[in-house]
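# Reading the structure
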Amino acid sequence: MDTNIRPDNMERITTRALADAFIEEQVAQIRKQVGDQKVLLALSGGVDSSVVAALLIKAVGKQLVCVHVNHGLMRKGESEQVIEVFQKGLDANLIYIDATDRFLDLLAGVEEPERKRKIIGGEFIKVFDEEAKKLDGIAFLAQGTIYPDILESKGVKAHHNVGGLPEDMKMELVEPVKLLYKDEVRVVGEALGLPHGMVYRQPFPGPGLGVRCLGAITRDRLHALREADAILREEFDKSGLAEHVWQYFIAVPDFKSVGVRDGKRYEGWPAIMRAVNTTDAMSATIEEIPYELLHRITDRITHEVEGINRVLYDLTPKPIGTIEWE
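These notes cover the structure that comes with them.

Relative to each other, helix α1 (residues 16-34) and helix α7 (residues 182-191) sit at 80 degrees, their axes nearing to 9 Å. As summarised for this structure, α1 and α7 are arranged roughly perpendicular, according to the angle between their axes. Between α1, through R16, A19, D20, F22 and I23, and α7, the contact on the second element is made entirely by V187, V188 and A191.

Below you can see the structure in the form of structure tokens.
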């Protein structure tokens, strides 16, 4: 049987009891697979990798080595938050690597979305492989692959967890939540005792802002995207929408339009806002944001973010549009 196919009789994890049973089963499987060897985990701080980290800490404790790679495509303040929550709060064995220049230099001039994903995913694995060589006994690579990643890798998109692994990777994979949907991962996370805000944090793609800075990534446009996205998140937090919208973000395309600022002609990029709700990431509906909030977000982004002179709202559900633009 294909181990990447979810059994038809597998019950959806919707309760604490079902989550506890899943955790007990996975802890036993992880211990059997890993033995007394060490595991390397890509800890982004997102829901999936956080839950995998908690599962592995429960199963093998300090045998887990968490590596947080700042690829320069994180949201504003995100790497700092990962260090604060995991190193100080959860006492994780955490290694922090700032690889911003390494990633952005490789991505310079690359426009095609699938190629960007492959570059980012492949470079991630190289960083981990390099880190593993510095450590004794690393035999396993843990990943936060979830079931929609597997389904979508079969023709919709390449995902760095399932579609971009180098053939010569020497570490065996540990993927304890690969048969779960996102809502199930959250139930498991709460059962593991992770903070509510972490478990219900909105999903963030493995390639990060690399698939939201559309086309070839430039540092100035990436900076504008990061600042605009931070404003969007701040306004959603203040309005109470953050807890009710599954995913919300800004994408910035690689073209400009004319505008006016301070009485002068001003060319800038548009910031495309997207806010969707879903239960399994296979389909999604559009959140109806109050116009007052849309106007406030637009005013802040166009006045506070250098390089952006328009804000658009994407009203396309999935299907027909995917959640991410790339």
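Here we come to helix α2 (residues 47-60). Between the first and last C-alpha of α2 there are 20 Å, a value that for 14 residues agrees with the 20 Å anticipated at 1.5 Å per step. Summarising burial for α2: 12 of the 14 residues are buried, a large majority. Regarding α2, the residues found buried are V47, D48, S49, S50, V51, V52, A53, A54, L55, L56, A59 and V60.

As a further point, take the environment of E235. Along the chain, E235 falls in helix α9 (residues 219-239). The sequence separation of E235 and R296 amounts to 61 residues, and the corresponding C-alpha distance is 8.3 Å. With near-sequence residues (within four places) excluded, E235 lies in contact with L293, R296, I297 and R300.

What follows concerns the nonpolar core. Counting residues in each nonpolar core, the largest one holds 50 residues, and the members touching the most others are L40, F128, F236, I250 and I301. Residues contacting F128, with those up to four places away along its chain left out, are L40, A42, V67, V69, L141 and M171. Within the second largest apolar cluster, 39 residues are counted, among which are V27, V39, L41 and A59.

Pairing between side chains of opposite charge can happen when the charged atoms of each approach one another. Summed over the entire model, instances satisfying the criterion amount to 27 salt bridges. Among the salt bridges present, the one from R12 reaches D183, with a minimum N-O distance of 3.1 Å. One end of the pair, R12, is in the segment before α1; the other, D183, is in helix α7, and 171 residues separate them in sequence. Here R12 falls in the partly exposed class, since its relative accessible area comes to 33%. The partner of R261 in a salt bridge is E306, with the nearest N and O atoms 3.5 Å apart. Pair noted here: R261 is in strand β7 (residues 257-261) and E306 is in the loop between α10 (291-304) and β10 (308-313), with a separation of 45 residues, a long-range link. The class for E306 is exposed, based on a relative accessible area of 58%.

The subject of this paragraph is the side chain of E287. Inspection of the secondary structure assignment puts E287 in the loop between β9 (285-286) and α10. Of the side chains with opposite charge, R274 comes closest to the buried, unpaired E287, at an N-O distance of 12 Å. Those residues in contact with E287 that sit more than four places away from it in its chain are L241, H244, V245, A275, V276, N277 and Y313.

Let's shift gears to the sheet that holds strand β1 (residues 38-42). Pairing is parallel across the open sheet formed by 5 strands, whose spatial order is β3-β2-β1-β4-β5. At either margin of the open sheet sits one strand with a lone partner, and together these are β3 (94-98) and β5 (172-174). The average angle at which neighbouring strand axes cross in this sheet is 30 degrees, direction not considered. In the packing of helix α3 (residues 78-89) onto the sheet, contacts are made with β2 (64-70) and β3, and the angle to β3 comes to roughly 170 degrees.

Rules used throughout
- Residues numbered from 1 in each chain as written.
- Predicted model: local features only at pLDDT ≥ 70, side-chain atom pairs only at ≥ 80, totals over all residues.
- Heavy atoms only, no water.
- Axes fitted to C-alpha atoms, helices over the stretch in contact; angles between N-to-C directions.
- Helix = DSSP H or I, 4+ residues; strand = E, 2+ residues; numbered from the N terminus.
- Parallel < 35°, antiparallel > 145°, perpendicular 65-115°, else oblique.
- Contact = heavy atoms within 4.5 Å.
- Expected span 1.5 Å × (residues − 1).
- Buried < 20%, exposed > 50% of the residue type's maximum accessible area, 1.4 Å probe, protein only.
- Core = buried A, V, L, I, M, F, W, Y, C linked by side-chain atoms within 4.5 Å.
- Salt bridge = Lys/Arg side-chain N within 4 Å of Asp/Glu carboxyl O.
- Lys, Arg positive; Asp, Glu negative; His and termini not counted.
- Pairing = 2+ DSSP bridges.

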